[in-house]
Amino acid sequence: MAHKVAVFRKEHFNAAHRLYNKGWTDAQNDAVFGLCNNPNYHGHNYELIVKLVGEPDPATGYVIDLKVLSDIVKEEVIARFDHKNLNLDTVEFAELNPTAENIVKVIHDLLRPRIDSKLELTVRLYETERNFVEYPA
Ligand code: NI
């Protein structure tokens, strides 16, 4: 009988960012973003959890080879964002405010084309131990 199983891969990257809306005044940005609007940036240790749901392949017993998934995440996410300033060093956030909400969707959309369309993909991103987001909701 077909049955779906969820598999997870956890990865990690460090990155700096600044949250601000360039259409706003400094006072508006300070009021909304507070310390996150520090002009000299600040860093986070991001934890990333990639979840795939699908039916295990009858031949291998795998939903996906987790080494393959790890390599995809390293190529698409870690190589792109680890030890980067998201605002200054990446094309993805040159114009997009690098909030956790925006980062998690960018990561999802980078991974989606690399993963079999039969598998459901959900990405969870921890910006701190207590603040985390998930996409799709
Ligand atoms: Ni921050």
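Heads up: these notes are all about the structure in this document. Small disclaimer: the values here were computed from a predicted structure and weren't measured.

All right, on to the sheet that holds strand β1 (residues 5–17) then. Taken in spatial order, the 5 strands line up as β3-β1-β2-β4-β5 in an open sheet, and their pairing is mixed. Looking at which strands have only one partner, the edges of the open sheet turn out to be β3 (84–85) and β5 (132–135). Note: β1 against strand β2 (residues 42–54), 13 bridges, orientation antiparallel. In the sheet register, V5 faces β2, and the bridge partner there is G54. The sheet contacts of helix α2 (residues 66–81) involve β1, β2 and β3, and relative to β1 the element is tilted by about 20°. Its contacts with the sheet place helix α4 (residues 100–111) against β1, β2, β4 (120–126) and β5, and it is angled at close to 145° to β4.

Here we come to the packing of α2 against α4. Two elements in contact, α2 and α4, have axes separated by 9 Å at closest approach and are oriented at 140°. As the angle between them shows, α2 and α4 are arranged oblique. Note on packing geometry: the crossing formed by α2 with α4 is right-handed. Residues I72, V73, E76, V77, R80 and F81 of α2 touch α4, and the partners they reach there are V106, I107, L110 and L111. Split into classes, the residues belonging to the contact of α2 with α4 amount to 8 nonpolar, no polar and 2 charged.

On to the side chain of E11. Looking at where E11 falls in the secondary structure, it is placed in strand β1. E11 sits in the buried class, given a relative accessible area of 8%. Engagement of the side chain of E11 in a polar contact is seen with the side chain of R9, the distance being 2.7 Å. In this structure, E11 is in contact with Y46, E47, L48, S70, V73, K74 and I78, ignoring residues within four places of it in sequence.

It is worth spelling out the coordination of the nickel ion at this point. Bound to the nickel ion on the protein side are H17 (NE2), H42 (NE2) and H44 (NE2), at distances that span 2.0 Å. Each donor residue of the nickel ion lies on the same chain, and together they follow the pattern H-x24-H-x1-H. Of this pair, H17 sits in strand β1 while H44 sits in strand β2, placing them 27 residues apart in sequence. We note that H17, like H44, is buried.

What follows covers the pairing of β5. Bridging between β4 and β5 involves 4 bridges; their strand directions are antiparallel. Its bridge partner being in β5, R124 is matched across the sheet by E134.

To continue, consider the packing of aromatic side chains. The description of two aromatic rings rests on the distance between their centres and on the angle between their planes. Considering all chains together, one arrives at 5 aromatic pairs under this definition. An angle of 20° between the planes, with centres 5.0 Å apart, marks the rings of F13 and Y46 as stacked. Of this pair, F13 sits in strand β1 while Y46 sits in strand β2; the two residues are 33 residues apart in sequence, bridging distant segments of the chain. Each member of the pair F13 and Y46 is classed as buried.

How each quantity is defined
Residues numbered from 1 in each chain as written. Predicted model: local features only at pLDDT ≥ 70, side-chain atom pairs only at ≥ 80, totals over all residues. Heavy atoms only, no water. Pairing = 2+ DSSP bridges. Helix = DSSP H or I, 4+ residues; strand = E, 2+ residues; numbered from the N terminus. Contact = heavy atoms within 4.5 Å. Axes fitted to C-alpha atoms, helices over the stretch in contact; angles between N-to-C directions. Parallel < 35°, antiparallel > 145°, perpendicular 65-115°, else oblique. Left-handed = near helix turned anticlockwise from the far one by under 90°. Nonpolar A, V, L, I, M, F, W, Y, C, P; charged D, E, K, R; others polar. Buried < 20%, exposed > 50% of the residue type's maximum accessible area, 1.4 Å probe, protein only. Polar contact = N/O pair within 3.5 Å; in protein donor to acceptor, adjacent residues only side chain to side chain. Donors = N, O, S within 2.8 Å, 3.2 Å for Na, K, Ca; no water. Phe/Tyr/Trp six-rings, centres within 6.5 Å; stacked < 30°, edge-to-face > 60°.

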